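# Secondary and tertiary structure notes
So you can see what is in the structure, the chains are spelled out below.
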Amino acid sequence: QLTTSFYDQSCPQVFSIVRQGVDRAFSREQRLAASLLRLHFHDCFVNGCDASILLDDTSTFTGEKAAGPNLNSARGFDVIDDIKSELENQCPGIVSCADILALVARDSVAVSAGPSWDVLLGRRDSFRASQADANRFIPSPASDVPALVSAFQAVGLSASDMIVLSGAHTIGAARCGTLTPRLYNQSGTGQPDSIGDPDFLASLQRLCPPGGNPGTLSRLDVRSPQEFDNSYYQNLLQGRGVLHSDQILFSGGGSSAQAVQDLSSDENLFFGNFAASMVRLGSIAPLTGPDGEIRTNC
């Protein structure tokens, strides 16, 4: 069972080592905070929080780094490697890569002026990864609300968790390669997305023209892109969600729209709910004992 005190005796310096690594990364490039948070999310959605996303391909399996949701977008692996290297110097063979990902996610939010929370620890690392499962289980940015709810429920999270964890898009950016389907061929219609502010969508089309650079970035929160706050939800009220899966939370109506309104007007509500949902996210199907290992290299 995971516990906040797992390393109290075996590696009490784990918290300071991880935080220092996140601070160094953040001072080098603030966008890395969002990338590191995303690594934890994309890891946990694929057969649990087991650091499978960090594994390279081997002769016996194809890893998750080149899966559709991760290809050319998952980043920050060097930050995890640097933190792991320091932990191996101080506490060899003790701290799992899966626990590093969970701690890094918490500290990436905190360094971006967001909430903090007590991270449950004691995960072990997987022996395998699965590109097919990454393609299958990680929600698509083109998803509608029922598909998003289904994807979260499949890993034991609720519709409320989905709406709150979507608020992680208050930091970070999306590539034009990800946005192009929404801007020109939503759901295979050959037309732009029909939801959201038309002027805002037009501005995204100017940023991401047909045949343009797929690596060009659009901030996911156009109001305060580098600060972890509740302006993500305020943007949705104005039709200024960058991804379809963001904007549909409000434009689709129903209970998700009400939740967006509530979170947009109460940042403390968002922070408290986000912290609680992150604990639940980090508790998805952890490996313990002989079911996993402690990698010496993530």
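Numbering of residues starts from 1 in every chain and runs along the sequence as written. Reporting of local features is limited, given that this is a predicted model, to residues whose pLDDT is at least 70; pairs of side-chain atoms are given and counted only at 80 or more, and all residues count toward the totals for whole chains, interfaces and linings. In computing side-chain values, all of the structure's heavy atoms are included and hydrogens and water are not.

### Quick notes on the packing of helix α6 (residues 145–153) against helix α7 (residues 159–166)
Orientation is described by axes fitted as lines to C-alpha atoms, over the contacting stretch for helices, and by angles from 0 to 180 degrees between their N-to-C directions. Here a helix means four or more residues in a row that DSSP labels H or I, a strand means two or more in a row labelled E, and each is numbered from the N terminus. One can describe the packing of α6 onto α7 by two numbers: an axis separation of 8 Å at closest approach and a directional angle of 105 degrees. Here α6 lies roughly perpendicular to α7, going by the angle between them. Contacts from Val145, Leu148, Val149 and Phe152 of α6 reach α7 at Ala159, Asp161, Met162 and Leu165. Any residue outside Ala, Val, Leu, Ile, Met, Phe, Trp, Tyr, Cys, Pro, Asp, Glu, Lys and Arg is labelled polar, Gly included; the first ten of those are nonpolar and the last four are charged. In terms of residue class, the contact of α6 with α7 is made up of seven nonpolar, no polar and one charged. Orientation is classified from the angle alone, with under 35 degrees giving roughly parallel, over 145 giving roughly antiparallel, 65 to 115 giving roughly perpendicular, and any other angle giving oblique. Here a residue-residue contact requires only that any non-hydrogen atoms of the pair lie within 4.5 Å.

### Notes on the side chain of Asp161
Note that Asp161 resides in helix α7. Asp161 sits in the buried class, given a relative accessible area of 3%. Engagement of the side chain of Asp161 in a polar contact is seen with the backbone nitrogen of Ser158, the distance being 3.0 Å. We call two N or O atoms a polar contact when they sit within 3.5 Å, provided that within protein one can donate a hydrogen and the other can accept it, with sequence-adjacent residues counted only if both atoms are side-chain atoms. Side chain to side chain, Asp161 and Ser277 meet in a polar contact 2.6 Å long. Not counting residues within four places of it along the chain, the set of residues in contact with Asp161 comprises Phe152, Ser277 and Arg280. Relative accessibility thresholds used throughout: buried, under 20% of the residue-type maximum; exposed, over 50%; partly exposed, between the two (1.4 Å probe, protein chains only).

### Quick word on the layout of surface pockets
For cavity detection a 1 Å grid was placed over the protein atoms alone, and a set of points counts as a cavity when a 1.4 Å probe fits there but cannot get out; an open set counts as a pocket when protein lies on both sides within 12 Å along at least five of seven lines, with lining residues being those that have an atom within 4 Å of a point. Grid points are joined across faces, edges and corners, and a volume is the space filled by probe spheres set on the points. Counted as a void, the largest pocket has a volume near 960 Å³. In terms of lining, the largest pocket is formed by 38 residues, of which the most central are Arg38, His42, Pro69, His169 and Leu243. For the lining of the largest pocket, the elements supplying multiple residues, two or more each, are α2 (32–44), α6, α7, β1 (173–175), α8 (176–184), α11 (244–251) and α13 (267–281). Per-class residue counts for the lining of the largest pocket are 21 nonpolar, 12 polar and five charged. A domain-level breakdown of the lining of the largest pocket finds at least three residues from each of domain 1 (13–138) and domain 2 (145–277). By volume, the second largest pocket amounts to about 200 Å³. Lining the second largest pocket we find 17 residues, and of these Ala159, Ser160, Ile163, Val164 and Ala259 sit closest to its centre. Looking at the lining of the second largest pocket, the elements that each hand over two or more residues are α6, α7, α12 (254–265) and α13. In this document the domain limits rely on a domain assignment from an automatic tool or a database.

### Description of the nonpolar core
In a soluble, globular protein the nonpolar side chains are often hidden away together inside. If you look at the biggest cluster of nonpolar residues, it comprises 76 residues, and the most contacted ones within it are Phe45, Leu54, Ile80, Leu87, Leu249, Phe274 and Leu281. With 10 residues, helix α4 (residues 97–111) is the single largest residue contributor to this core. Three or more residues apiece are contributed to this core by two domains, here domain 1 (13–138) and domain 2 (145–277). Residue contacts for Leu54: discarding those within four places in its chain leaves Lys65, Phe77, Ile80, Cys97, Leu101, Arg295 and Cys298. For our purposes a nonpolar core is just a set of buried Ala, Val, Leu, Ile, Met, Phe, Trp, Tyr and Cys residues, chained together by side-chain atoms within 4.5 Å. Of all hydrophobic cores here, the second largest spans 11 residues; its members include Ala174, Cys176, Leu204 and Leu243.

### As for the UniProt feature "site: Transition state stabilizer" (unreviewed entry) in the protein chain
As recorded in UniProt, the sites labelled "site: Transition state stabilizer" (unreviewed entry) are Arg38. If you trace the backbone, Arg38 turns up in helix α2. Non-local contacts of Arg38, meaning those with residues more than four positions away in its chain, are made with Pro69, Ser73 and Ala74. UniProt positions are given in the numbering used here, feature names are shortened, and annotations may be inferred rather than shown by experiment.

### What to know about the domain arrangement of the protein chain
Partitioning the protein chain into domains gives domain 1 (13–138) and domain 2 (145–277). Placing the centre of domain 1 and that of domain 2 at their C-alpha centroids yields a distance of 23 Å. If you look at the interface, domain 1 gives 17 residues, while domain 2 gives 17 residues. Joining two parts hides part of their accessible area as seen by a 1.4 Å probe, and the buried area is that hidden amount summed over both. In total, domain 1 and domain 2 occlude about 1,400 Å² of area from one another, counting both sides; carbon and sulfur atoms represent 74% of this. If you sort the residues of domain 1 by the area they bury against domain 2, Arg31, Phe45 and Pro115 come out on top, with a joint share of 35%. Should a side-chain nitrogen of Lys or Arg be within 4 Å of a carboxyl oxygen of Asp or Glu, the pair is scored as a salt bridge. Linking domain 1 with domain 2 are zero salt bridges. Put simply, domain 1 and domain 2 have two residue pairs in polar contact (both at pLDDT 80 or more) between them. For the side of domain 1 that touches domain 2, the element with the most residues is α2, which contributes four residues.

### Notes on the state of the cysteines
Each disulfide consists of a covalent bond between the sulfur atoms of two cysteine residues. Here, the term disulfide refers to a pair of cysteine sulfur atoms separated by no more than 2.5 Å. Evaluation of the coordinates by the stated rule reveals four disulfides. Each sulfur in the disulfide pair Cys11 and Cys91 lies 2.1 Å from the other. In this structure, the disulfide formed by Cys11 and Cys91 twists by about 75 degrees around the S-S bond and is classed as right-handed. Of this pair, Cys11 sits in the segment before α1 (14–28) while Cys91 sits in the loop between α3 (77–90) and α4, and the two are 80 residues apart along the sequence. Across a sulfur-sulfur distance of 2.1 Å, Cys97 and Cys298 are joined as a disulfide pair. Taking the sign of the S-S torsion, -100 degrees for the link of Cys97 and Cys298, the bridge is left-handed. With Cys97 in helix α4 and Cys298 in the segment after α13, this residue pair connects regions lying 201 residues apart in the sequence. In this pair, the class of Cys97 matches that of Cys298, namely buried.

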